[in-house]
Amino acid sequence: MSAQPPQLSAEQRTLATTKSIEARRKRAAVKEAVKSGSLTIFDVINDGDPIVSGMRVKDLLGAVPGVGTVKAEILMERAKISSTRKVAGLGPHQILRLREELSLTKIEPKRGRLIVISGPGGVGKSTITKALRDDSRFVVSVSATTREPRAGEMNGFDYFFYSDEKFDQMVENSEFLEWAAFAGNRYGTPAHSVEQWLRVGKNVILEIEIAGARQIRATQSDALLIFISPPSWEELVSRLENRGTDSPERRAARLELAREEMAAASEFDRSIINHEVNQVITEMVSLLNELDGRNHQPTN
Ligand code: 5GP
């Protein structure tokens, strides 16, 4: 091998060593917590901390009371999880299989929470959802729509782009948790994948418009509905007016719709003002912790 290791300064080496010692300590503390039963393996899987997510499933499972190294290997084989798999790489089916395999030991994940994010057009909902996609405490549901993909949008990632016929069929088969018509197109939340993620303990985000949020309110009693508000009405108007190349009529229609959407705020459990994306996410997490009556962070 001709590749040379990177040349680090003494200072960089010290920093790297300190960081790796801290990471090791944190992982050891998580393992201890699993061993003592104060955390379940599913709490750890849903934790989202990058150091914790980098732990091997085998090590965690082995720490579960009554499991140990040998049984951990057997359980992983049954759940079709490779022995080197890290926590961050687990898919919903694998988590579900683990849950089934561990059910004899009565270690069940707490069901995740359904979280609706709604608010007026132009408030920045999609920027918030984009940031939430990188946070493993959450899963962002991928909606189905009959609208055409915009430049850069990917089928199966941004939306499932379906024909009218396919959408009709899904409505008929009750495959949507909710659906609504918006700006001449239809949008819906596929129920099956949302249910799968909730069962394995993930908090599932639906970024939807107001009519869909009302349906969720009516049918899912434990969903948390969050309304994203602009810092001020003037700020929203300026964001909407600076959008693209809309005709004056289209702009007026957008503003009228935004006025109606703003009036729905009181129907939601909480309003969060979108001053800054990370602040919105921090508020969401503390809201969830408040609702759970405990802190999700296993260490510190
Ligand atoms: P866009 O076409 O700009 O992506 O979305 C238009 C609107 O549809 C946005 O307000 C978005 O939140 C909403 N939307 C996206 N997916 C769904 C869904 O599955 N159900 C409902 N009811 N609204 C959705």
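Attention here is on the structure that accompanies the text. Just so you know, these numbers come straight off a predicted model, no measurement behind them. (Residues numbered from 1 in each chain as written. Predicted model: local features only at pLDDT ≥ 70, side-chain atom pairs only at ≥ 80, totals over all residues. Heavy atoms only, no water.)

The subject of this paragraph is the environment of Ser-143. Take Ser-143: it is sitting in the loop between strand 2 (138–140) and strand 3 (144–145). Each C-alpha atom, one on Ser-143 and one on Ile-95, is 23 Å from the other, the two residues being 48 residues apart in sequence. Ignoring any residue separated from it by four or fewer positions in sequence, one finds Ser-143 in contact with Tyr-159, Phe-160, Gly-188, Thr-189 and Pro-190. (Helix = DSSP H or I, 4+ residues; strand = E, 2+ residues; numbered from the N terminus. Contact = heavy atoms within 4.5 Å.)

Another point: the site of the ligand. Taken together, 15 residues form the shell around the ligand, and within it Ser-143, Arg-147, Tyr-159, Tyr-187 and Glu-207 come nearest. A distance of 3.0 Å is found between an oxygen atom of the ligand and a side-chain nitrogen or oxygen belonging to Lys-125. Between the ligand and Arg-147, the relevant distance is 2.6 Å, taken from an oxygen atom to a side-chain nitrogen or oxygen of the residue. Alone, the ligand offers 520 Å² of accessible surface; in the complex the protein occludes 89% of this. Of all elements in the fold, only strand 5 (176–182) and strand 6 (185–190) reach the threshold of two or more residues within the shell around the ligand. Residue composition of the shell around the ligand, by class: five nonpolar, four polar and six charged. (Near = heavy atom within 4 Å. Polar contact = N/O pair within 3.5 Å; in protein donor to acceptor, adjacent residues only side chain to side chain. Areas by Shrake-Rupley, 256 points an atom, 1.4 Å probe, with all protein chains shown as cover. Nonpolar A, V, L, I, M, F, W, Y, C, P; charged D, E, K, R; others polar.)

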